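# Residue-level structural notes
Here is how the chains run, residue by residue.
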2 protein chains.
Amino acid sequence: MENIKILARNTLFRGLTEKEIESILFYLNPVVRKYKKGNIILAAGAAVTDVGIILKGRAVIEKEDIRGNRSIISELGESSLFAEALACARAEHSPVTVAAETDAEVMFINFDKIMTVRAKTEIAGRLVKNMMTLIAGKNIFLNNKLEHASKRSIREKLLSYFDELAVKTGGRKFKLPFSKTALADYLFVDRSAMMRELSHMKKDGVIKYEGDVFEIRK
Amino acid sequence: MENIKILARNTLFRGLTEKEIESILFYLNPVVRKYKKGNIILAAGAAVTDVGIILKGRAVIEKEDIRGNRSIISELGESSLFAEALACARAEHSPVTVAAETDAEVMFINFDKIMTVRAKTEIAGRLVKNMMTLIAGKNIFLNNKLEHASKRSIREKLLSYFDELAVKTGGRKFKLPFSKTALADYLFVDRSAMMRELSHMKKDGVIKYEGDVFEIRK
DNA sequence: AGGGAACTATTGCATTTGCAACACTATGGA
DNA sequence: TCCATAGTGTTGCAAATGCAATAGTTCCCT
């Protein structure tokens, strides 16, 4: 089916042909659910036993504190996988919420099933290895984010993040993958204070930007 | 040997008897190195192919920015494992430094060897599973830290962290696992500003503390 | 016992930040 | 087309924070 192509794009199924994915899915008993824009896909506090894969639409992993400050942990696009660490560690209470940013379709697979499919050993081994690479990758992502968060001023946080984007793009110019509002959430700072700092940085000649296209000025 | 008992305490070898650990080590070809207090165990920028396990002493994972702000990513005690995500993702340049906090002894094991020991299948399978649980656990740790870092004031960062410690201890009272200096680094804030905030919190009756013993006052 | 190193504690000051308020500009549905 | 919603951009202000300086304390090493 159509979904197989989307699954194939996820690291979890890397190295497997579409036929192999289809055959292994048979043993994994996935469940597909649909969500309306804004709906909750995984509620904070819920027990986590499955990993999720976005088949259609977009979602965000977020966290909210007592006073209602929302912090975006990360964005999930088509074929993104989430909740794998929580499922692997058998989390009783999810500390985060996953919400649909647009109408979305999500496939859920039981984590233990992934780890214990004995069906076709080589394929199963592949899955396990891929799952690990994936979790390690998120690990590194979190470390990156922590690096930005560790900076003590808004300017430094921005520059730290911009550096990462520039390196990823391979130049001094890059496009924000976020709205500026979301960027402020991502960096854990006040939006208006961030806007002010962006203006200052532009005035100081540290960066140039127009809309969501930025350039670091040496 | 003596070291086996230390290894046995690490999640990586969970579920294996000391005999099994000894036999699998034979295939893993570990290397043991010794470090003096303050020495660098893993330098930022180096390629990472091995995971490390602390056999003796303590170390810290840290990160330093251009201006020399040191941020502690985490503490490593006896039998702690580190660099597993970097090794798993085949990082070309380590973004962090690991330094000996006391005289230390560290065992290095090649990551790919762990993943490919064919020697005794059940044991090898165990290792892989354990490695994954481990990486997932660090993942959750990083998420926790990120939660503290996401708070917008020093007071909230402290309370967020104190909450975690209290929950871990299972009461309102807990002992700081850090010096206050290190705590400030851990939370990415200025030490003197943090001290000031601690005083205010004590005066406001939010917390009590004496040395490194704290109590949250509801 | 003496000296150094690391940690604790406090304070003044300049700057940064969060917060609140407001206006303006897309954008997408009904 | 019109309205609602989300994002952008700016500003004043009070409060929080980083920074620097300084002093006292503790602990370890010789």
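Structure: above.
Residues numbered from 1 in each chain as written. Chains lettered and ligands numbered in written order. Predicted model: local features only at pLDDT ≥ 70, side-chain atom pairs only at ≥ 80, totals over all residues.

Helices and strands together make up the secondary structure of chain A, namely eight helices and 11 strands. A separation threshold of at least 6 residues defines the contact pool for chain A, and within that pool the share at least 24 residues apart is 70%. (Helix = DSSP H or I, 4+ residues; strand = E, 2+ residues; numbered from the N terminus. Contact = placed C-beta atoms within 7 Å.)

The immediate surroundings of DNA strand C are formed by 16 residues, with Ser153, Asp190, Ser192 and Ala193 of chain A together with Lys180 of chain B found nearest. Among the secondary structure elements, those contributing two or more residues to the surface near DNA strand C are helix H6 (154–169) and helix H8 (191–203) of chain A together with helix H7 (180–186) and helix H8 (191–203) of chain B. Of the residues forming the surface near DNA strand C, the biggest block, four residues, is contributed by H8 of chain B. When the residues that make up the surface near DNA strand C are grouped by side-chain class, the tally is four nonpolar, six polar and six charged. (Near = placed C-beta within 6 Å. Nonpolar A, V, L, I, M, F, W, Y, C, P; charged D, E, K, R; others polar.)

Before going further, it helps to examine the pairing of strand E3 (residues 50–56) of chain A. Residues and elements named next belong to chain A. Burial of E3 is extensive: five of the seven residues sit out of reach of the surface. Across six bridges, the pairing between E3 and strand E8 (residues 104–110) is antiparallel. Paired with Gly52 across the bridge in E8 is Phe108. Across two bridges, the pairing between E3 and strand E6 (residues 81–82) is antiparallel. Among the inter-strand pairings, Ile53 is bridged to a residue of E6, identified as Leu81. (Buried ≥ 20, exposed ≤ 12 C-beta atoms within 10 Å, placed from the backbone. Pairing = 2+ DSSP bridges.)

A sheet is described by the order of its strands in space; here four strands give the open sequence E1-E8-E3-E6 (chain A), paired in antiparallel fashion. Strand pairing shows two members of the sheet lacking a second neighbour, strand E1 (31–35) and E6 of chain A, which therefore form its edges.

Below, the discussion takes up the interface of chain B and chain A. Each partner contributes to the interface: chain B provides 28 residues, whereas chain A provides 28 residues. Of all elements in the fold, only helix H3 (84–88) and helix H5 (121–150) of chain B reach the threshold of two or more residues within the side of chain B that touches chain A. Per-element tally for the side of chain B that touches chain A: the top contributor is H5 of chain B, with 18 residues. When the residues that make up the side of chain B that touches chain A are grouped by side-chain class, the tally is 15 nonpolar, seven polar and six charged.

For the pair chain B and chain A, the relating rotation is 180 degrees, the translation along its axis is 0.0 Å, and the fit reaches an RMSD of 0.1 Å. As the rotation angle and translation indicate, the two copies are arranged about a two-fold axis. With an isologous cut-off of 70% or more, the 100% of interface residues of chain B that recur at the interface of chain A puts this contact in the isologous class. (Least-squares fit on C-alpha atoms with pLDDT ≥ 70 in both.)

To continue, consider the sheet that holds strand E3 (residues 50–56) of chain B. Residues and elements named next belong to chain B. The four strands are arranged E1-E8-E3-E6 in an open sheet whose pairing can be described as antiparallel. The open sheet is flanked by strand E1 (31–35) and strand E6 (81–82), the only strands paired with a single partner. As judged from the five bridges shared by E1 and strand E8 (residues 104–110), these two strands associate in the antiparallel manner. Note on E8: the bridge partner recorded for Lys34 is Glu105.

Next up on the list: the pairing of strand E10 (residues 207–210) of chain A. Residues and elements named next belong to chain A. In this structure, E10 lies alongside strand E11 (residues 213–216), joined through four bridges in antiparallel fashion. Looking at the pairing, Ile207 lines up with Ile216 of E11. Connecting the antiparallel pair E10 and E11 is a turn made up of two residues, with Gly211 showing a positive phi of about 65 degrees.

Before going further, it helps to spend a moment on the nonpolar core. Ranked by size, the top nonpolar core spans 77 residues in total, and within it Met132 and Ile135 of chain A together with Met132 and Ile135 of chain B carry the most contacts. Sequence-distant contacts of Met132 of chain B, defined by excluding residues within four places in its chain, comprise Cys88, Met131, Met132 and Ile135 of chain A. By size, the runner-up hydrophobic cluster in this structure holds 13 residues, among which are Ile154, Phe174, Met194 and Phe214 of chain A. (Core = buried A, V, L, I, M, F, W, Y, C linked by C-beta atoms within 7 Å.)

On to the protein's contact with DNA strand D. Surrounding DNA strand D, one finds 16 residues, the nearest of these being Lys180 and Ser192 of chain A together with Ser153, Asp190 and Ala193 of chain B. Residue assignment for the surface near DNA strand D shows that the elements contributing at least two residues are helix H7 (180–186) and H8 of chain A together with helix H6 (154–169) and H8 of chain B. Top contributing element to the surface near DNA strand D by residue count: H8 of chain A, with four residues. In terms of residue class, the surface near DNA strand D is made up of four nonpolar, six polar and six charged.

Residue and element names in this part refer to chain A. Remark: helix H5 (residues 121–150) packs on H6, axes separated minimally by 7 Å, with the N-to-C direction vectors making an angle of 150 degrees. The pairing of H5 with H6 is recorded here as roughly antiparallel in orientation. Touching Asn144, Glu147 and His148 of H5 are Lys157, Ser160, Tyr161 and Glu164, all from H6. Within the contact of H5 with H6, the residues separate by chemical class into one nonpolar, three polar and three charged. (Axes fitted to C-alpha atoms, helices over the stretch in contact; angles between N-to-C directions. Parallel < 35°, antiparallel > 145°, perpendicular 65-115°, else oblique.)

Bear in mind that shape data such as this cannot, by itself, settle questions of function.
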